[in-house]
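# Structural overview
Single-letter residue listing:
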Amino acid sequence: MKHVKLGVNIDHIATLRQARGEKNPDTVEAARVVYSSGGDMVVMHLRQDRRHIQEADLERVRTDVKGILHMEMAAVPEMEKIALRVRPDSVCLVPESPRELTTQGGMKLDGKRPDIAKVIKNLSAAGIAVSIFTDPEPQAIRAAHNMGADSIELCTRKYAESWGKKLQAKELEKLQLAGFLVKELEMELHAGHGLDYYNVMQVARIEGMDCLNIGFSIISRGLFVGLKNAVAEMKRLIQ
Ligand code: PXP
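What comes next is a walk through the structure. All of these numbers come straight from a predicted model, not from anything done at the bench.

The next thing to look at is the pattern of salt bridges. Counted according to the given criterion, the structure contains 17 salt bridges. Ionic pairing is found between Asp40 and Lys235, a salt bridge with its closest N-O pair at 2.6 Å. Within this pair, whereas Asp40 is found in the loop between α2 (27–36) and β2 (41–45), its partner Lys235 is found in helix α11 (residues 227–238), the two being separated by 195 residues in sequence. Judged by relative accessible area, which is 10%, Lys235 ranks as buried. With a shortest N-O distance of 3.8 Å, Arg47 and Asp49 are connected by a salt bridge. Take Arg47: its relative accessible area is 3%, and that puts it in the buried class. For Asp49, a relative accessible area of 37% puts it in the partly exposed group. One continuous salt-bridge network, built from bridges that share partners, spans Arg50, Glu55, Glu59, Glu78 and Arg85.

Next up on the list: the packing of aromatic side chains. For any pair of aromatic rings, geometry is given as the distance between the ring centres together with the angle between the planes. For the structure shown, the criterion picks out one aromatic pair. Between Tyr159 and Trp163, the aromatic rings sit 6.4 Å apart at their centres with planes inclined by 70°, giving edge-to-face as the arrangement. In this arrangement the basic side chain of Arg221 is found over the ring face of Tyr197, its NZ or CZ atom lying 5.6 Å from the centre.

Moving on to the nonpolar core. Ranked by internal contacts, the top residues of the largest apolar core, which has 71 residues, are Leu93, Leu212 and Ile218. Leaving out residues up to four positions away in the same chain, Ile218 has contacts with Leu6, Val8, Tyr197, Leu227, Ala230, Val231 and Met234.

Our next topic: the sheet that holds strand β3 (residues 68–73). The eight strands are arranged β1-β2-β3-β4-β5-β6-β7-β8 in a closed barrel whose pairing can be described as parallel. For this sheet the average axis-to-axis angle between neighbouring strands, irrespective of direction, equals 25°. Bridging between strand β4 (residues 90–93) and strand β5 (residues 129–134) involves four bridges; their strand directions are parallel. Bridging across to β5, Val91 finds its partner in Val130.

This part covers α11. In this model α11 runs 17 Å from its N-terminal to its C-terminal C-alpha over twelve residues, within 8% of the 16 Å that 1.5 Å per residue would give. Buried within α11 are the following residues: Leu227, Ala230, Val231, Met234, Lys235 and Ile238. Taken around the axis of α11, the buried residues stretch over an arc of 130°, which confines them to a single face. Among the exposed residues of α11, those pointing more than 90 degrees away from its buried face are Lys228 and Arg236. Turning to α11, the residues buried within the fold contact β1 (5–9), α1 (11–20), α2, α9 (200–204), β8 (211–214) and α10 (216–225).

This next bit is on the site of the ligand. Near the ligand you find 14 residues, and of these Thr103, Glu153, Gly194, Gly215 and Phe216 are the closest. Here a nitrogen atom of the ligand sits 2.5 Å away from a polar atom, N or O, in the side chain of Glu153. Residue Gly194 places a main-chain N or O atom 2.8 Å away from an oxygen atom belonging to the ligand. Protein chains bury 93% of the 390 Å² of accessible surface belonging to the ligand in isolation. Residue composition of the shell around the ligand, by class: four nonpolar, seven polar and three charged.

To continue, consider the side chain of Asp26. Examined against the element boundaries, Asp26 turns out to sit in the loop between α1 and α2. Here Val28 takes part through its backbone nitrogen, which lies 3.2 Å from a polar atom of the side chain of Asp26. A polar side-chain atom of Asp26 sits 3.1 Å from a polar atom in the side chain of Arg60. Those residues within four positions of Asp26 in sequence are excluded, and the remaining contacts are Ile13 and Arg60.

Calculation rules
Residues numbered from 1 in each chain as written. Predicted model: local features only at pLDDT ≥ 70, side-chain atom pairs only at ≥ 80, totals over all residues. Heavy atoms only, no water. Salt bridge = Lys/Arg side-chain N within 4 Å of Asp/Glu carboxyl O. Helix = DSSP H or I, 4+ residues; strand = E, 2+ residues; numbered from the N terminus. Buried < 20%, exposed > 50% of the residue type's maximum accessible area, 1.4 Å probe, protein only. Phe/Tyr/Trp six-rings, centres within 6.5 Å; stacked < 30°, edge-to-face > 60°. Lys NZ or Arg CZ within 6 Å of the ring centre and 35° of its normal. Core = buried A, V, L, I, M, F, W, Y, C linked by side-chain atoms within 4.5 Å. Contact = heavy atoms within 4.5 Å. Pairing = 2+ DSSP bridges. Axes fitted to C-alpha atoms, helices over the stretch in contact; angles between N-to-C directions. Expected span 1.5 Å × (residues − 1). Arc of directions from axis to C-beta. Near = heavy atom within 4 Å. Polar contact = N/O pair within 3.5 Å; in protein donor to acceptor, adjacent residues only side chain to side chain. Areas by Shrake-Rupley, 256 points an atom, 1.4 Å probe, with all protein chains shown as cover. Nonpolar A, V, L, I, M, F, W, Y, C, P; charged D, E, K, R; others polar.

Shown next as structure tokens:
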């Protein structure tokens, strides 16, 4: 079977650190553990409200740790500027709204979005691979392709929420069909949001899946079994 990469989102290491405003737990230490336990890349979402990851986290992980760094960000000039300075290997453009607890779904790409196309163009020109977080909807996937994105990250939130319910098969089928389209367009196929140790396998087995980005479940499990074991267990499950 094809090797599915694991991106480990360490935002909630920073959430815990921010709770006391001190140095620990340190995102650099977390990034080192991720890479040494089988994680293929470290994922960090620099939100406009800076609720968890700070610019310094991104900078230090980039300079102090050897490994692939994937940044999630809103498609706005402030974030573009930071990405062009920090130079992550890749970026995923996500929608953001100030009061949400976490990203609610994929980018809405109906209508012309020259602002997003411009961010994609500028990041690509700097050699940063660009992914767009979309719902498993053909229109959004085609729009992302037309704007020059390299990859699509399918939002698995609805699938995760339907786990154990009647809707689950339908949500999985939507992801599979969207995956076909992504591959037909010769783009990389990523997925993430709400994936855990129970629901991950079916998504990992979607034809053509290249990478899964997982945060909350791994960091939560890490509290009880250690981050190293939590990452290694997830990696085993998706292979
Ligand atoms: N992918 C994207 C685009 C996200 O915004 C998030 C949440 O930050 C994730 C993956 C990871 O989601 P979770 O923390 O639920 O695993």
